[in-house]
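Next come the chains, spelled out residue by residue.
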Amino acid sequence: MTPEQKRALWREYWRKCAWHTAENERLQVLGVPSHKLPRFPPFPDELRGMTCGAWTRAGTSCKRKDLYTSGRCKLHGGLSTGPKTPEGKAKSALNSNPTEGEKTACDTDPMRGSEKLTF
Ligand SMILES: [Zn+2]
């Protein structure tokens with residue numbers, strides 16, 4: 001089995017597990033006892049000990065075994081790449097700090113807030 005086939009099987013396995021998790025939560029809300037919930041698929045033996053396999057800057061393949069559902073480690077594609085949709089980007093922009101151009105005079109005024117202390 002090639003590394004690409006292993007990674008595809010890895011992603012398929014975790015996709016099935018995500019479906020089972022959602023299905024189990026749905027059935028638990030309906031009152032299905034836990035021993036009657038569908039069982040998770042067994043972990044494929046060929047995936048045991050699977051490594052990230054991404055090319056490192058040193059020119060070797062990555063040997064990390066702590067992989068995300070993408071089949072890569074946290075250094076090689078496991079983390080979020082940020083918002084993609086315009087709605088997600090707008091939400092993200094609300095959480096960020098204002099840039100210098102966006103700051104108002106009130107924000108940059110060093111005497112701000114001290115007015116309340118004068119009597
Ligand atoms: Zn890696």
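Residues numbered from 1 in each chain as written. Predicted model: local features only at pLDDT ≥ 70, side-chain atom pairs only at ≥ 80, totals over all residues.

A. Highlighting the overall build of the chain. A count of helical and extended segments in the chain gives 3 helices and 0 strands. Counting helices and strands in the order they occur from the N terminus, the chain gives α-α-α. Taking all contacts inside the chain whose residues are at least 6 apart in sequence as the whole, residues at least 24 apart take part in 35%. (Helix = DSSP H or I, 4+ residues; strand = E, 2+ residues; numbered from the N terminus. Contact = placed C-beta atoms within 7 Å.)

B. Looking closely at the environment of Arg7. Its location among the elements puts Arg7 in helix H1 (residues 3-29). The class for Arg7 is partly exposed, based on 18 C-beta atoms found within 10 Å. Along the backbone, Arg7 and Gly53 are 46 residues apart, and their C-alpha atoms lie at a distance of 9.6 Å. (Buried ≥ 20, exposed ≤ 12 C-beta atoms within 10 Å, placed from the backbone.)

C. The arrangement of H1 in detail. Its 27 residues give H1 an end-to-end C-alpha distance of 39 Å, which sits within 8% of 39 Å, the value for a rise of 1.5 Å per residue. Of the residues one or two after H1, Gly31 is the one with positive phi, at around 95°. (Expected span 1.5 Å × (residues − 1).)

D. Spotlight on the environment of Trp10. With respect to the element layout, Trp10 can be found in helix H1. In sequence terms Trp10 and Leu67 are 57 residues apart; their C-alpha atoms lie 9.8 Å from each other. Beyond its immediate chain neighbours, meaning those up to four positions away, Trp10 contacts Leu47, Met50 and Gly71.

E. A look at the confidence of the model for the chain. This prediction gives the chain a mean pLDDT of 85; 83% of its residues lie at or above 70. Put simply, helix H3 (residues 105-108) is where the chain has its lowest mean pLDDT, 55, and H1 is where it has its highest, 93. (pLDDT = per-residue confidence, 0-100.)

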